[in-house]
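This is what each chain is made of:
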Amino acid sequence: MDPISNAVDGLQTEVREFLSDDAARVLRLIVDPEHGSLVGKALRAEEWGLENRSPFLILETPYDNDVDAFAAMSRTLREHYAILREGIAEEGVDLEELVLELPPDMEPVAAFTTHVHRWIALTEAVLDPPLVCWVPTSFGEARSWADAAIRMVRALWDTEVRFALRDEGEGQLESSLGAASQTRTAAFELDQEETMQHFAALLGPPSAGRGPGALPGAAAPDVAPPPRPIPGPTQEQIQETREKAGLPPMPDVDQAEALRRLVLEAATAAGNSDPVALEKQAEACELCRELELRLEEVLLTMILASYLLQFGREDDALGTYQRAEALSGDWQLYPQLAQTRLALGYLHLKNKRLPEAIDVYEQAAAAAAIGEVNLLFFESLRLAGTCHVNQGTEGEAVYSWIGAVKGATRFSEAEIRNCRFGEVAASLLDLLNRRGLHDQARSTAALIEEISMTVQS
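Residues numbered from 1 in each chain as written. Predicted model: local features only at pLDDT ≥ 70, side-chain atom pairs only at ≥ 80, totals over all residues. Heavy atoms only, no water.

Student: How should the overall build of the chain be read in this particular structure?
Tutor: Summing up its helical and strand segments, the chain has 19 helices and five strands in all. In the chain, buried positions account for 42% of the 457 residues. In the chain, 65% of the contacts between residues at least 6 apart in sequence involve partners at least 24 apart. In the structure as shown, the chain presents an accessible area of about 23400 Å², 51% of it carried by carbon and sulfur atoms. (Helix = DSSP H or I, 4+ residues; strand = E, 2+ residues; numbered from the N terminus. Buried < 20%, exposed > 50% of the residue type's maximum accessible area, 1.4 Å probe, protein only. Contact = heavy atoms within 4.5 Å. Areas by Shrake-Rupley, 256 points an atom, 1.4 Å probe, with all protein chains shown as cover.)

Structure below.
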């Protein structure tokens, strides 16, 4: 298993252990900001567990101050409850509406925790208390965030609510919680050096135990084979044979080593915030172009674009992603085409260019469908629908989200668990009912239930 998969698996195992520990109340999540999205996915995957009766309130609300953060969290909680109430009604259970009349000057943390108390009171007959997951996408001042989180925990401690809190990384939350037995810690630990070495090995030259012409990363004995009485073919002969057979070019040992060195030097420099990373990565892309390594050129061009973003050169990054998109399209590399379009969509969305983001996300979904990359197909339509909602074209969002849900009928159980199916399904049903499309909502709910059963079976 590669280092990234190992890290994700380790995080999910720790989350699972926390959920199975009845004595644990708080889970500290130690995750770097660039890996924050994996926290939500790991938690959502566990919410689908067959024995789980506790709704997960997954709040990615950024924290700058109490007023804005907790007001947003209260709104999200009410939206979650409305979706939950609607879903349970389909099973013949009626829940009261969550309606609160709070003083406008009520302290923000108290207002939010009052919402949670009301949630518990309304659902206690059918559900366990929720898991409150606050995994902010960003923090303001660490001490203020930790103080707000602890006040929230204390206000709900007399309930059976449990908490998953993304630590701010400065020790404030840890020192406030102390070493109580009711607190556990889960960490997403990705060894950058190990990761670079793993992927460098895939691009590296054959080892001493591999015969001439062996693909990089291929399985081979750990010891060199005995000398052969008949010499093997030369590199020129291998390349000539590959050309006659219509196979793509392959670098020789020296070329593969040069490419490996450039990629590693660029990654190391980027890790040290050294702009020389751009130069080395561009050289690696150029070498791929010279050697006609199409897939490798696309992948390394995408990495170059990410480095440009790292160093604040967004316009250059946009152009580089567009180059990767053009290359992927010309060479019919549809999975990579979908990936580059998702990256372009992110840049448009980041800069509030919603029409452009929608267009490129829909194109990403088309490429993912042709390339049969289910998770990229789902994510592209999920984001297209989200952009439609944000720009006020909710009718178009319906089409995007229905496309995503229908596409999930061909997903494997693992793919359903690893995409945000539950979130899209709930948002789609809410949107259909708000627009008065109740018959369509009922048929869609039946389809969602059918898909969900494949995960639970």
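Student: I would appreciate a short explanation of a negative patch on the surface in the present structure.
Tutor: Together, Glu 356, Asp 359, Glu 362 and Glu 396 give the surface a local cluster of negative charge. Here the negative patch takes three residues from helix α14 (residues 354–371), the largest share from any one element. By secondary structure assignment, the location of Glu 362 is in helix α14. (Patch = residues over 30% accessible without salt bridge, like charges linked within 9 Å, V, L, I, M, F, W, Y side chains within 5 Å. Salt bridge = Lys/Arg side-chain N within 4 Å of Asp/Glu carboxyl O. Lys, Arg positive; Asp, Glu negative; His and termini not counted. Charge placed at Lys NZ, Arg CZ, Asp CG, Glu CD.)

Student: Before we go on, may I ask you to explain unusual backbone geometry in this structure?
Tutor: Note: most residues except glycine have negative phi, and most peptide bonds are trans. In this structure, Glu 292 is a non-glycine residue whose phi angle is positive, near 60 degrees. Residue classification places Glu 292 among the exposed residues on the basis of a relative accessible area of 54%. Of note, the phi angle at Glu 372 is positive, near 55 degrees, even though the residue is not glycine. Topologically, Glu 372 is positioned in the loop between α14 and α15 (374–391). The class of Glu 372 is exposed, set by a relative accessible area of 69%.

Student: Before we go on, may I ask you to explain the nonpolar core in this structure?
Tutor: Within soluble globular proteins, side chains that are nonpolar tend to cluster in buried spots. Core analysis: the largest hydrophobic core is formed by 39 residues, its most contacted members being Tyr 361, Phe 378, Val 405, Phe 421 and Leu 428. Elements represented by at least two residues in this core include exactly α13 (334–350), α14, α15, α16 (394–407), α18 (421–434) and α19 (438–456). Membership of the second largest hydrophobic core comes to 34 residues, among which are Leu 77, Leu 98, Val 116 and Leu 156. (Core = buried A, V, L, I, M, F, W, Y, C linked by side-chain atoms within 4.5 Å.)

Student: I tried to follow the sheet that holds strand β1 (residues 26–30) on my own but got confused; where do I start?
Tutor: By definition, the strands of a sheet pair up through backbone hydrogen bonds, in either a parallel or an antiparallel sense. Reading across from one edge, β2-β3-β4-β1-β5 is the order of the five strands in this open sheet, with parallel pairing throughout. Sheet topology places β2 (56–59) and β5 (183–187) at the edges, where each strand pairs with a single neighbour. Taking the axes of each pair of neighbouring strands and ignoring which way they run, one obtains an average angle of 15 degrees across the sheet. The sheet contact formed by β2 and strand β3 (residues 131–134) spans four bridges and is parallel. Considered in β3, the bridge of Ile 58 is made with Cys 133. The strands touched by helix α5 (residues 142–156) are β1, β3 and β4 (162–166); relative to β4, the strand with the most contacts, the crossing angle is about 175 degrees. (Pairing = 2+ DSSP bridges. Axes fitted to C-alpha atoms, helices over the stretch in contact; angles between N-to-C directions.)

Student: Help me out: how do you make sense of the pattern of salt bridges in this one?
Tutor: When their charged atoms lie close together, side chains carrying opposite charge are able to pair. Applying the stated rule across the entire model yields 21 salt bridges. Note that Glu 297 is salt-bridged to Arg 323, the shortest N-O span being 3.0 Å. Highlighted residues: Glu 297 in helix α11 (residues 294–310) and Arg 323 in helix α12 (residues 314–330), separated in sequence by 26 residues. Among the residues examined, Glu 297 registers a relative accessible area of 3% and is labelled buried. Its relative accessible area of 35% is what places Arg 323 among the partly exposed residues. Two residues, Arg 434 and Asp 430, come together in a salt bridge whose shortest N-O distance is 3.1 Å. In this pair, Arg 434 and Asp 430 both sit in helix α18, four residues apart, roughly one turn of the helix. Residues participating in the shared-partner salt-bridge network are Asp 66, Glu 107, Asp 147 and Arg 151.

Student: Explain the packing of aromatic side chains to me, please; I cannot follow it from the model alone.
Tutor: Each pair of aromatic rings is reported with the distance of its centres and the angle of its planes. Evaluated as defined, the whole model comprises eight aromatic pairs. Centroid distance Phe 70 to Phe 112: 5.9 Å. Interplanar angle 55 degrees. Geometry classified as tilted. Taken together, the residues Phe 70 in helix α3 (residues 66–89) and Phe 112 in helix α4 (residues 108–123) connect sequence positions 42 residues apart. Of the residues examined, Phe 70 reaches a relative accessible area of 1% and is grouped as buried. With a centroid separation of 6.2 Å and 65 degrees between ring planes, the pair formed by Phe 378 and Phe 411 is classed as edge-to-face. Taken as a pair, Phe 378 in helix α15 and Phe 411 in the loop between α16 and α17 (413–418) lie far apart in primary sequence, 33 residues in all. (Phe/Tyr/Trp six-rings, centres within 6.5 Å; stacked < 30°, edge-to-face > 60°.)

Student: Can you walk me through α4 in this structure?
Tutor: Think of an α-helix as 3.6 residues a turn; residues three or four steps apart then line up on the same face. Over its 16 residues, α4 extends 23 Å from the first C-alpha to the last, a length consistent with the 22 Å expected when each residue adds 1.5 Å. Those residues of α4 hidden inside the fold are in contact with β2, α3, β3 and α5. Where α4 starts, the residue carrying a side-chain oxygen 3.1 Å from the main-chain nitrogen of Val 109 turns out to be Glu 107. (Expected span 1.5 Å × (residues − 1). Polar contact = N/O pair within 3.5 Å; in protein donor to acceptor, adjacent residues only side chain to side chain.)

Student: Explain the packing of α15 against α16 here, please?
Tutor: Relative orientation and spacing of two packed helices are given, respectively, by the angle between their axes and the distance between those axes. With their axes 8 Å apart at the nearest point, α15 and α16 run at an angle of 165 degrees to one another. By the criterion of interaxial angle, the relationship of α15 to α16 is roughly antiparallel. Remark: the crossing between α15 and α16 carries left-handed chirality. Between α15, through Phe 377, Phe 378, Leu 381, Arg 382, Ala 384, Gly 385, Thr 386, His 388 and Val 389, and α16, the contact on the second element is made entirely by Glu 394, Glu 396, Ala 397, Ser 400, Trp 401, Gly 403, Ala 404 and Gly 407. For the contact of α15 with α16, the class distribution of residues is eight nonpolar, six polar and three charged. (Parallel < 35°, antiparallel > 145°, perpendicular 65-115°, else oblique. Left-handed = near helix turned anticlockwise from the far one by under 90°. Nonpolar A, V, L, I, M, F, W, Y, C, P; charged D, E, K, R; others polar.)

Student: Is there a simple way to explain the side chain of Ser 54 in this structure?
Tutor: By secondary structure assignment, the location of Ser 54 is in the loop between α2 (37–47) and β2. Polar contacts involving the side chain of Ser 54 include one to the main-chain carbonyl oxygen of Pro 129, which spans 2.5 Å. Within the local environment of Ser 54, its side chain forms a polar contact with the backbone nitrogen of Leu 131, the two atoms lying 3.4 Å apart. Among all residues touching Ser 54, those that are not within four sequence positions of it are Glu 47, Asp 128, Pro 129, Pro 130 and Leu 131.

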